[in-house]
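One letter stands for each residue in the lines below.
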Amino acid sequence: MKAKRYSTEFKSPIVALYNEGRSVNSLANEYHLAVQMVTGWIKNLKSISTALILKIVHFFSIRAHISGLKIV
């Protein structure tokens, strides 16, 4: 069975919540993820500040919004 891959726009807010003080266990339970998976994301993204992560999430939400618009 192929492992599920999560996008950066999904991972980033979870890591941001961890950086704001949430525990790995609470995040894993809330999002139905393995604790080891959340821990790995934190290790991989730990050098990125919370502000930068929020900017990335904002960029992806704008991109999703724009892609949903019809150009006439």
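Residues numbered from 1 in each chain as written. Predicted model: local features only at pLDDT ≥ 70, side-chain atom pairs only at ≥ 80, totals over all residues. Heavy atoms only, no water.

### Section: the nonpolar core
If you look at the biggest cluster of nonpolar residues, it comprises twelve residues: Ile14, Val15, Ala16, Val24, Leu27, Ala28, Leu33, Val38, Trp41, Ile42, Leu45 and Ile53. Taken together, the elements giving at least two residues each to this core come down to helix H1 (8–19), helix H2 (24–31) and helix H3 (35–45). In terms of residue count, H3 provides more of this core than any other element does, four residues in total. For Ile14, the contacting residues outside a window of four places in its chain are Leu27, Tyr31, Leu33, Val38 and Trp41. (Core = buried A, V, L, I, M, F, W, Y, C linked by side-chain atoms within 4.5 Å. Buried < 20%, exposed > 50% of the residue type's maximum accessible area, 1.4 Å probe, protein only. Helix = DSSP H or I, 4+ residues; strand = E, 2+ residues; numbered from the N terminus. Contact = heavy atoms within 4.5 Å.)

### Points about unusual backbone geometry
A positive phi is found at His32, a non-glycine position, where the angle reads about 55°. Residue placement: His32 occurs in the loop between H2 and H3.

### Let's talk about the packing of aromatic side chains
Applying the stated criterion across every chain, the model contains five aromatic pairs. Aromatic pair Tyr6 and Phe10: ring centres 5.0 Å apart, planes at 20°, arrangement stacked. For Tyr6, a relative accessible area of 23% puts it in the partly exposed group. Note on Phe10 and Tyr31: the rings are 6.2 Å apart at their centroids and 90° apart in plane angle, and the pair reads as edge-to-face. Here Tyr31 lies in helix H2 and Phe10 lies in helix H1, a separation of 21 residues in the sequence. For Tyr31, a relative accessible area of 28% gives the class partly exposed. (Phe/Tyr/Trp six-rings, centres within 6.5 Å; stacked < 30°, edge-to-face > 60°.)

### What to know about the environment of Asn19
Within the fold, Asn19 resides in helix H1. With a relative accessible area of 35%, Asn19 lands in the partly exposed category. Through-space distance from the C-alpha of Asn19 to that of Lys46 is 8.5 Å; in sequence the pair is 27 residues apart.

### Examining H2
Of all the positions in H2, only Val24, Leu27 and Ala28 are classed as buried. Buried residues of H2, seen end-on, are gathered within an arc of 100° and therefore sit on one face of the element. Looking at the packing, one finds that the buried side of H2 touches H1 and H3. One or two positions beyond H2, positive phi appears at His32, with a value near 55°. (Arc of directions from axis to C-beta.)

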